[in-house]
Every structure is written in C-alpha cells, then in structure tokens.
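Letter by letter, the chains look like this.
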Amino acid sequence: MHREHMTVVIVGHVDHGKSTVIGRLLADTGSLPEGKLDQVKATCARNAKPFEYAFLLDALKDERSQGITIDAARCFFKTARRDYIILDAPGHIEFLKNMVTGASRAEVAILVIDAKQGVQENTRRHGMVVSMIGVKRILVLVNKMDLVGYDQAAFERVSNAFRAFLKEIDIEPIAFIPVSAFQGDNLISTSQRMPWYQGRPFLGELDLIPVKEQPANLPLRFPVQDIYKFTENGDERRIIAGTLATGTARAGDPVVFYPSGKRSTIRSVEEFNTPPRQDAASGEAIGFTLTDELYLRPGEIMTRQDARPPRTATQFKANIFWVGRTPFVKDKTYKLKIGTAQSPVKLVDILRIIDAQDLSSAVRQDSINRHDVATCVLEVTRPIAYDLAQDIEALSRFVIVDHFEIAGGGIIIDELRPDASTLEQHVTNREKRWVHGLVLPAERAAAYRHKGQFIIVTGNSAEKNGAVARLLERSLFDNGRKAYYLNTANLTCGLTDGSTDVADAREEEIRVLGELGRVLTDAGHIVVTDLNHYDAYDIARLKTFVHPFEVLVVGLGASAPETTLSLNDAMSPGDTAAVICQWLRDMDILPDYSL
Amino acid sequence: MDSLKKLESQSVYILREAYRNFKSLCMLWSIGKDSTVLLWLARKAFFGHVPVPLVHIDTHYKIPEMIAYRDRLAREWRLNMIYGENTAALAKKATFPDGAVDRLQCCKHLKSEALRHTLSGEWPRYRMDHASGRYEPDTDQAPYTGVIVGVRADEEGSRSKERYFSPRDKYSEWNVSDQPPEFWNQFKTDFAPGTHVRIHPLLDWTELNIWEYIEREKIPMSSLYFDQGSGKRYRSLGCYPCTAPVDSTAKTPADIIEELKTGKFTNIAERAGRAQDKEDAGGLETLRQEGYM
Ligand SMILES: Nc1nc2c(ncn2[C@@H]2O[C@H](COP(=O)(O)OP(=O)(O)O)[C@@H](O)[C@H]2O)c(=O)[nH]1
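Residues numbered from 1 in each chain as written. Chains lettered and ligands numbered in written order. Predicted model: local features only at pLDDT ≥ 70, side-chain atom pairs only at ≥ 80, totals over all residues. Heavy atoms only, no water.

1. Considering the sheet that holds strand S8 (residues 196–199) of chain B
Residue and element names in this part refer to chain B. Pairing in this open sheet of eight strands is mixed, and the strands run S5-S4-S3-S2-S1-S6-S8-S7 from one edge to the other. Both outer strands of the open sheet, strand S5 (134–137) and strand S7 (165–168), are each paired with one neighbouring strand and no more. Here the strands of the sheet are splayed against their neighbours by 35 degrees on average, with no regard to which way each runs. Alignment of strand S2 (residues 54–57) against strand S3 (residues 81–84), held across four bridges, turns out to be parallel. When the sheet's bridge partners are listed, Leu-54 is paired in S3 with Met-81. Helix-sheet contacts for helix H1 (residues 3–21) involve strand S1 (25–28), strand S6 (146–148), S7 and S8, and the interaxial angle to S7 is about 45 degrees. (Pairing = 2+ DSSP bridges. Helix = DSSP H or I, 4+ residues; strand = E, 2+ residues; numbered from the N terminus. Axes fitted to C-alpha atoms, helices over the stretch in contact; angles between N-to-C directions. Contact = heavy atoms within 4.5 Å.)

2. Structural notes on the confidence of the model for chain B
It should be kept in mind that the predicted coordinates are not to be read in detail where pLDDT is low. With 85% of its residues at a pLDDT of at least 70, chain B reaches an overall mean of 86. Two summary scores accompany this predicted model of the complex, namely pTM at 0.83 and ipTM at 0.91. (pLDDT = per-residue confidence, 0-100.)

3. Considerations on the pairing of strand S6 (residues 108–114) of chain A
Residues and elements named next belong to chain A. For S6, the buried fraction is high: seven of the seven residues fall into the buried class. Burial along S6 is two-sided: Val-108, Ile-110, Val-112 and Asp-114 and Ala-109, Leu-111 and Ile-113, pointing in opposite directions, are all buried. For strand S1 (residues 5–12) and S6, the ladder comprises five bridges, and the chain directions are parallel. Across the sheet, residue Val-8 finds its bridge partner in S6, namely Val-108. Sheet analysis places S6 next to strand S7 (residues 137–143), joined by seven bridges and oriented parallel. (Buried < 20%, exposed > 50% of the residue type's maximum accessible area, 1.4 Å probe, protein only.)

4. Describing the site of the ligand
Residue and element names in this part refer to chain A. Inspection of the region around the ligand gives 16 residues, with Lys-18, Ser-19, Thr-20, Glu-52 and Asp-146 positioned closest. At a separation of 3.1 Å, an oxygen atom of the ligand approaches a polar side-chain atom of Asn-143. A distance of 2.9 Å separates an oxygen atom of the ligand from a polar atom in the side chain of Lys-144. Protein contact buries 84% of the 570 Å² of open area that the ligand shows by itself. In terms of residue count, helix H1 (residues 18–28) provides more of the shell around the ligand than any other element does, three residues in total. In terms of residue class, the shell around the ligand is built from five nonpolar, six polar and five charged. (Near = heavy atom within 4 Å. Polar contact = N/O pair within 3.5 Å; in protein donor to acceptor, adjacent residues only side chain to side chain. Areas by Shrake-Rupley, 256 points an atom, 1.4 Å probe, with all protein chains shown as cover. Nonpolar A, V, L, I, M, F, W, Y, C, P; charged D, E, K, R; others polar.)

5. Concerning the sheet that holds strand S12 (residues 254–258) of chain A
Where strands meet in a sheet, backbone hydrogen bonds hold them as pairs that are either parallel or antiparallel. Reading around the barrel, the six strands line up as S9-S10-S15-S13-S12-S16 (chain A) and close back on themselves, with antiparallel pairing between neighbours. Recorded for the sheet is a direction-independent mean angle of 50 degrees between the axes of neighbouring strands. Here S12(A) runs beside strand S13 (residues 263–270) of chain A; their pairing, made up of three bridges, is antiparallel. Bridge pairing links Pro254(A) to Thr265(A) in S13(A). Against the sheet, H1(B) contacts strand S9 (222–228), strand S10 (239–243) and strand S15 (285–290) of chain A, and its axis sits at roughly 55 degrees relative to S9(A).

6. Quick word on the domain arrangement of chain B
All names here are of chain B. Domain assignment breaks chain B into domain 1 (3–205 + 278–289) and domain 2 (207–277). On the domain 2 side, the residues contacting the 40 residues of domain 1 number 30 residues. Taking both sides of the interface into account, the surface hidden between domain 1 and domain 2 amounts to around 3100 Å²; carbon and sulfur atoms contribute 64%. Ionic pairing is found between Lys-44 and Glu-217, a salt bridge with its closest N-O pair at 3.2 Å. Across the domain 1-domain 2 interface, the total number found is seven residue pairs in polar contact (both at pLDDT 80 or more). Broken down by secondary-structure element, the contributors of at least two residues to the side of domain 1 that touches domain 2 are H1, helix H2 (33–45), helix H3 (64–76), helix H5 (103–120) and helix H8 (276–279). (Domains from an automatic or database assignment. Buried area = accessible area lost by both parts, 1.4 Å probe. Salt bridge = Lys/Arg side-chain N within 4 Å of Asp/Glu carboxyl O.)

Shown next as structure tokens:
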C-alpha cells in the first residue's frame, strides 16, 4: 500500500510566522536530523542571538539570501495519517511570482496571520491569489496568540475581519485556529492556554482534509499537445499526443475537436512499452490514432461527440493576477497560452481592480500593474476553446506572456458575445452601398433557372475534394446551369498581393474567397470550390462574406464540421458529383423546370 | 493513478512541450541512472522514438563500461548520439590527478567548459554514424536553444529552487534569485535570442522513484550499478579518479529498492562517492551556475 501524500503551501504576510510554524512542525513531529535543533540553538547562544526557527530552516536548506525566503522550498514531515510536503512560499511582495509557483503545486494552503498586527495587505493578496491559482482549501492560523495574552476577543477580531474579506471573493476557509507557533500552542496538540477554543489543533485539522480527487463525471477534455508521425523503422502511425485533462476516452469513441469542429473516431490508444489497451483515463499522458487523417493543429481540444462541448469564443471575461515587470495595458498584443493552445491576445477592458488594501473601494485604472488582481475583458483573433472556471476550472486557466516572460495568469469566468462583430458591420455597410444594374435578381434567376449559389466540397483528401468539385461543375454545366469552378490557389495569383504574414494568410484567403463569392453569386453563378483543412470558424466567416447568398457545405466523410450535406467518402468522384446534383434537385435548390 | 505513473505523465508532458517549442533541442545523457530514465521517458513521450539528439560530454576519464554501454544502447535504439569534449585541456593534461590541477578545476575544464562550448556549437561535436558504428565530426554546429537535463530536486540544496523550464543567459548562467513563475503546466517556452532554456523533466523524482521506475519498466542499466560479486557497486557514476563504489551486495534494481527503503543510505548523500563535492561546499552551486549539471 502506498502512503497518502499531500502538498501544502504556507503563505502570509512577511514576519507573521510562517518559518516558525514550519520549524516547529518539523521539530515536534520528529522530522529533523538528529541533533540539528540543539546545534542551531548552540550557534545562536554562541553569537548572543535569540533563537529563531527561521535559522533552523536556514541551516536545513541554506535557503535564505538577503534575509528573506526567495523561493518556495520544500520540507517534509509525516503524521500517522500521511506524508506531507510543505512549500514555504516567500511572504515578501517582490516574490509573488514564486509564491504563485509554489501554490500551484499545492492542494491546501495554510495562511498565517499575526494576531497582534491583524490582517495585512499581503494576507489579503495571498488569499485571493492562492484561491485563483486553484487552491480552494484554506486553513487560517491566527498566530502569536501569546502576544495578545491568548485572548479570545483578539482572535475573533482577526478571524471575523478576514472571514468577511474572504466571503466577498467567495472563499470559505476550512477553519480558523488560534496558535502560538513559537510556544507550540495548538499546533500538534490542544493547548491548555486557550480553553475557550473548541476546535482541533492544527495538525489534527490538516490530517482530516481529504486528498483531492479528480471530480468524477466530467466530460472528456483532451488538449492536443502535438501530432506525431515518426516514420523511422516503418512506423505508419499518425499519433495525436496529449494528456487527458478530464474524463475518459476509449477506442471506438466518436470524437470532435474544438475550436475547429472536426470529427472523427478513435481508432486506437497508443502508449510505449505497455500491453495493448483500449481506454485512457484523466491525468494520463497518452496518444490516440484516428480513423481519419484529420488535419489538426496543436491546441485543439478533443471531446466525445455525445459530451457537453467546451465553449469557443474570441472575447471573454477573466480574473487575472499580474506579476510582470511592466503593466498590462490596452492596445498592445500579448501572447495567450491556454491548455496547449497559443494565440495573440489583447486587453480590451478593465472591469475592476481589486485593491488588496481595501476590497470595498475597487479602483479604476487604465492598466493592470504588477501584483494587481483584476477582472478584465480579453480578446483573441481566432476563437479558442475553453471551459468556464465554474464548469471545469483546469480548462479555464491561461497565462499571458509579455516579452518572453509569463507575466500574468488567470481564469475565464464568463463568455462575451460582441454585439456585432467588425465583420458583420463591414458586410452591412457593403450591402447598403452595393450599386445594382438594371437586371433584377429575380429576372436573372428566371433566365438561368436557378439562383446564385456557393458550394464548398470538403473532406480529408484534398485530391478527392478537387476531383469532385470539378466534376460537379462539369455536370451542372452539362445540365445547362451557370456553374463555375473556383480554385483557391487562383486567388493568390493576383487578387491578394501575398504580403500578409503566415498567421493571417488563412484569414486573408477566406476574405478574398468570400468577397469574390459575393460577386459571382450576384452574377447568378453556381460557384463550386474545394477547401481543405478549414474549421468551423472559417466557414462561419465565409457565410458572412457571401451574404445575402447562401453557402452549401458538402462534406466527404464524417470528419468535416458544419456540413449541409454529409456523404460517404468511399464513393467514386463521379458518383459523388451525381449524388450532389440529385440532392440539389431534391432540395429544390436547382428547380427542375424540364418537367 | 499511482504516484510513479503521475511522475511519468508529468515528465512526458514536459518532454512533449520541449519538443514542440524548441527548434534546436538536445538531451544530455551522462549514462547515469537519472538521464537513462530520462531517455526512456523520451521513448514514452514519442512512442518508441527519440527524435532529439543525445549529447554526452566525454571526459575520457569515464569508467570504460560506461562508454561501452552508451554505444550499445545508441546502436540498439538507433539514437542520434553525439559527444563533445575539451580537446585542449586533455592535450595539455590540465586534468586530475595526472595534471597540475585539483578535482574542481578538472571538473570545470572537462565538464563545465566542454558542455558550454559543445552546446553553443563552438567546439566540435562528434556524431555516431550508424552505418559504420564510428563517431564522425558533426556537420550541424547550430547552438542548442533547449537542453533537456535529468536533475532532481532532492539531490542537493541548490536544485530545490529549480523550475521545469529554467532560463540561462548568454554565458550559461543561472540567476537563482530571479526565476520565472511556473504554474498550471505553463512553462517558459519563449526566450530572447542568445539565451537558452534548460528543461528538467525529472525535477519531482527521488532516487527511490528512479529505481522503482527502472524496475517497473525493466530499463537496461549499466552493470556498474550492481554488485558483480565483489560486494561493491556504484551508486552514482562518474569519472574513475573521483568516483568510488559503495559497499553493497545489491544485484538487481529490486535489491537496490530494498536497500533504499530499509534505510541503508538514509544518512549518506547519494553523491557521497563523488570526491569533488567535498572539496568546497559552495563549489557545486558555482559549477552549476556555470552550466555543469
Ligand atoms: N511571540 C511570538 N513570536 C513569534 C511567533 N511566531 C513567530 N514569531 C516571531 O515572529 C518573527 C517572524 O517569524 P518568521 O517565522 O520568521 O516569519 P515569516 O516571515 O512569516 O517566515 C520571528 O521573530 C519569530 O520568532 C509566536 O507564535 N509568538
């Protein structure tokens, strides 16, 4: 049987007694090397310095420089119940980023408050940030009770003030415990000096907190980390690699990827040096092969087709904390990293900056400064897939990179739908200003025996898509329709100037295709094109551009997103084109006047 | 998931992040148990393949079995195997004990400097040619911007401050007091030109975890780790003038696990057999900041 492990982080305002709590714990649980305590006490005596538990920790890990803990160092101790790792996070404000690093690895936070000094700025700040980083279970130690004469009223004053603060940010601590770390009161065993305290001593309370379990029944979330095709030694596998964030996946599961909307089925579960397996569970770093050769980018989230999908959006509301050297400002492009996805991001609006001095007076500022905690609106260029913090917290977490450094972290708390996107506004204006000739659209439709149409053929094989699209043009034309095959490669021959960088190339391709589609459909043509590797977002944009004319999406195989007509990709291109023609007639898209 | 599986998953995740984000990536292989486990984890991460070059710093004072073992695995697993060295110091005999320098100086020459200049591409690299089985000068002299290293936080004090992704400046220096934040498995994968990043997938492992994993996965280890009948074995591998075997009759990974669990070595540091660590207490941190791992 493996023993239980728990990682605990200890935070609080500087000098409120974190080191003393740890030192005392190590000493009283017999976790120190033999003779160490006496040795440090002797050194102190020799130098005529009062003994401090902090010196003991110094001696243990040579951990201090400039007199302040500079990083979350680890100490180990055991109780009968389990093994603990305790991370000593620096209380000094300059080291908030180290505190965050330590806290992100912990399951429980211990917040130390000096009973005499009461709640200080960093007590509040640490409370907020620890909770945002994901540590929801907080034990509050009201320390140095010896300095306030073990007085119940003093304890309650401090506890009540802090409880009120935490309530405003939706945190409910597990317990408030009055202790004197230096004297050892209420740490390991119940102190006789505070008979008014009815609760358990600190260690007893800590031992009762259950080890965190992944919540069951969460839907599958598999952020795609990378796609591998290592051909060495004739390896044919195309493996989608990543770590399951939540849920489980089995061979045979129908899956869908977000934000692209592409679909497929899991063919196999892949792992090196293990017996063949059929399923994978959350937390496992694993790989899958699919039944289709999907074109996927790292950063997509795979889920099961029958599961609740993640959200996709370009604008969202988030709580963030900032540790960057320079403030977080509007009108500057940063890099967002969420799960395995990356995207350019901008700060659109600051809704409130939570002032650690005083929660009630949220201040308005134009930028988010170092060590601020804030609620703000962020915007990315292409949609990202995520979950809200209240649904699946792990999928809501992101960091912001400024000039090569992680400068902030946050969680997404709400989705925002911009009123009308810039694209929609463009199209509305364009339609308003559109100049028409003397031929009415209805006259044209009657003469041609159909309205203008935009048809996209898509599927996993670029070759097949092209073949079907061309045959469809041929057969429509042979039926007397005004059909025109448009290859996207032609757009770059002159309509675009090729000056856009790679990241925007796709956006530009969709834009030009859409604008051209608007003209050709207005001219009454049935435009047929083949598209490869597009996702749901691209198709939505294309539809907006081609408006007021309609876009029909024919998917070959089951993997394409947003299809109007989905066909089996085992058919020959000729048969496929014939089926499409028949469907156009059946749907009255091409009315059959020859009757 | 048991704790060993969790450690494995985390290490695999880190390796995949490194592979995805660094164009010029390599992995240091000292032939010791930690970096061999790291090599195995790379095979886990990449489904049996090892798509990054393995760099070994050859001091030419390594115990001969180590080099034989290195080349055997390199051939069997078809590794992209590279070594580098300090040719000048070796020629001048600026080495210990046959030259006029002490152990730390020797380490500095044969390890720190050799490593720094091999990674930067300033000094020649030698690559195994799988057709001939010999090492040939490597034509690729591009500096490595991502270097995967098998250090563990429990090894000694200075390492407990490490990050999984830890930046080094132009001079390979490590700024201990100004480390990037690291949370939610988001790492420092962006870096200014001229700097590079050390990647530490084994940071959370202990010596016991390493042996338990070797046992579970049946990873082939150098025979030097096991008692071959003399009642001695190596606990940590290094150069023969400075590394001594320990008294132990452990013949298999299972024996070693038993030894570690029952506390035979509880009060003896793992690298106690390494003479250079004793010369001065701060020496190791200095070497480390300079780039020696
Ligand atoms: N009287 C008293 N002093 C304490 C107690 N706990 C800590 N201290 C003192 O408060 C000072 C700061 O404690 P330390 O543990 O170093 O604080 P840290 O900065 O939070 O790690 C030291 O001088 C301690 O001896 C306590 O329970 N009672």
